[in-house]
Amino acid sequence: MISKTDDFQELFDASGKPLGALLGPDAWALVRETVLAHFAPQTAPAVEEPIQDWRDLVQFWDFNYPVDHDVTCELCGNSTNAWELDEPRKFMLTAANLGGLVAFRCQSCQAKILKRHFKDCVKTEAKPFMPEKSIRNLGRGK
Ligand SMILES: [Zn+2]
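What counts, and where the lines are drawn
All chains use their own residue numbering, which begins from 1 and follows the written sequence. Side-chain atom pairs in this predicted model are given and counted only at pLDDT of 80 or more, local residue features only at pLDDT of at least 70, and totals for whole chains, interfaces and linings cover all residues. For the side-chain quantities, the full set of heavy atoms in the structure was used; hydrogens and water were omitted. In this text, helices come from DSSP runs of H or I with a minimum length of four residues, and strands from runs of E with a minimum of two, each type numbered from the N-terminal end. Pairs of residues are marked as contacts when any of their non-hydrogen atoms sit within 4.5 Å. In this analysis, the protein atoms alone were mapped onto a 1 Å grid. Cavities are point sets where a 1.4 Å probe fits without being able to get out; pockets are open sets with protein on both sides within 12 Å along at least five of seven lines; lining residues have an atom within 4 Å of a point. Grid points are joined across faces, edges and corners, and a volume is the space filled by probe spheres set on the points. The definition of a nonpolar core used throughout is a set of buried Ala, Val, Leu, Ile, Met, Phe, Trp, Tyr and Cys residues joined through side-chain atoms within 4.5 Å. For every residue, the accessible area (1.4 Å probe, protein chains only) is compared with the maximum for its type, and the residue is labelled buried under 20%, exposed over 50%, or partly exposed between those bounds. Pairs were defined over the aromatic rings of Phe, Tyr and Trp, the Trp ring being its six-membered one, requiring ring centres within 6.5 Å. Orientation was assigned from the angle between planes: stacked under 30 degrees, edge-to-face over 60, tilted for the rest. Lysine NZ or arginine CZ positioned within 6 Å of the ring centre and within 35 degrees of the ring normal marks a charge as sitting over the ring. Strand pairing is defined by DSSP finding a minimum of two bridges between the two strands.

Student: Describe the overall build of the protein, listing the residues and the values that go with them.
Tutor: Tallying secondary structure elements over the protein gives two helices and eight strands in all. Counted from the first residue to the last, the protein has its helices and strands arranged as β-β-α-α-β-β-β-β-β-β. Considering only contacts within the protein whose residues lie at least 6 apart along the sequence, 39% involve residues at least 24 apart.

Structure, rendered in structure tokens:
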């Protein structure tokens, strides 16, 4: 319980509308976890990448070549040897499935990069950015 009134101070504007409160160290300690859980910015990146889908694909990799980490955007020339390691990232993963379809968003020109993995080869396709199409409609479903 907060008993000392100097541990907290409720704030009101001129019309009596509540503005919030100032909390002393003891009062803040009581509610800190709750406040942070509700209002602290998420640590996850703004764009949620389906990394687990990619991990699943890597785990069950049954193509006749090693896992490929390179991505190239033939529309703007952006390219990387290891998309997961770039800082800042040049390509964001937007889709991956066990069938071997992996999609990226080029961070330079927003193009959609599709990598289709076949038994013996990878076919890469770059499509210019089209805002009206949802990236979520990409896959062939589960
Ligand atoms: Zn590009």
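That covers the picture; the talk isn't over yet.
Student: Got a sec to walk through empty space enclosed by the protein? Specific residues and values, please.
Tutor: Using the criterion set out here, one finds two cavities of 30 Å³ or more in the structure. Here the second largest cavity defines a volume of roughly 30 Å³. Every residue along the wall of the second largest cavity is listed here: Trp54, Asp68, His69, Asp70, Val71, Trp83, Val102, Phe104, Lys115 and His117. Of all the secondary structure elements, the ones that give two or more residues to the lining of the second largest cavity are strand S6 (101–106) and strand S7 (112–117).

Student: How would you explain the nonpolar core if you had to name every residue and give the values?
Tutor: One finds Trp54, Phe91, Leu93, Val102, Phe104 and Ile113 to be the most contacted residues of the largest nonpolar core, which totals 17 residues. Apart from residues lying up to four places away in sequence, Phe104 is in contact with Val71, Trp83, Phe91, Met92, Leu93, Thr94, Ala111, Lys112, Ile113 and Lys115.

Student: Can you lay out the packing of aromatic side chains for me, pointing to particular residues and giving the numbers?
Tutor: Scanning all chains against the criterion turns up five aromatic pairs. Relative to Tyr65, the ring of Trp61 has its centre 6.0 Å away and its plane inclined at 80 degrees; by these criteria the two rings are edge-to-face. The exposure class assigned to Trp61 is buried, which follows from its relative accessible area of 16%. Between Phe63 and Tyr65, the ring centres sit 5.9 Å apart and the planes meet at 15 degrees, which makes this aromatic pair stacked. Residue Tyr65 is classed as buried on the basis of its relative accessible area of 16%. An aromatic cluster is built from Trp54, Trp83 and Phe104, whose rings are joined through pairwise contacts. Positioned over the ring face of Phe118 is Lys123, at 5.5 Å from the centre of the ring.

Student: Tell me about the pairing of S7, and please be specific about residues and values.
Tutor: With five of its six residues buried, S7 lies for the most part within the structure. In this sheet, S7 lies alongside S6 in antiparallel orientation, the contact comprising five bridges. Bridge pairing in S7 links Phe104 to Ile113. Taken together, S6 and the strand that follows it, S7, pair antiparallel across an intervening segment of five residues, in which Gln110 is found at a positive phi of about 70 degrees. Strand direction decides the pairing type here: S7 and strand S8 (residues 122–127), joined by six bridges, are antiparallel.

Student: Provide a residue-level description of the side chain of Lys115, including the pertinent values.
Tutor: Take Lys115: it is sitting in strand S7. Classification of Lys115 as buried rests on a relative accessible area of 4%. If near-sequence neighbours (up to four positions away) are discounted, Lys115 is found in contact with Asp68, Asp70, Gly100, Leu101, Val102, Phe104, Val122, Lys123 and Thr124.

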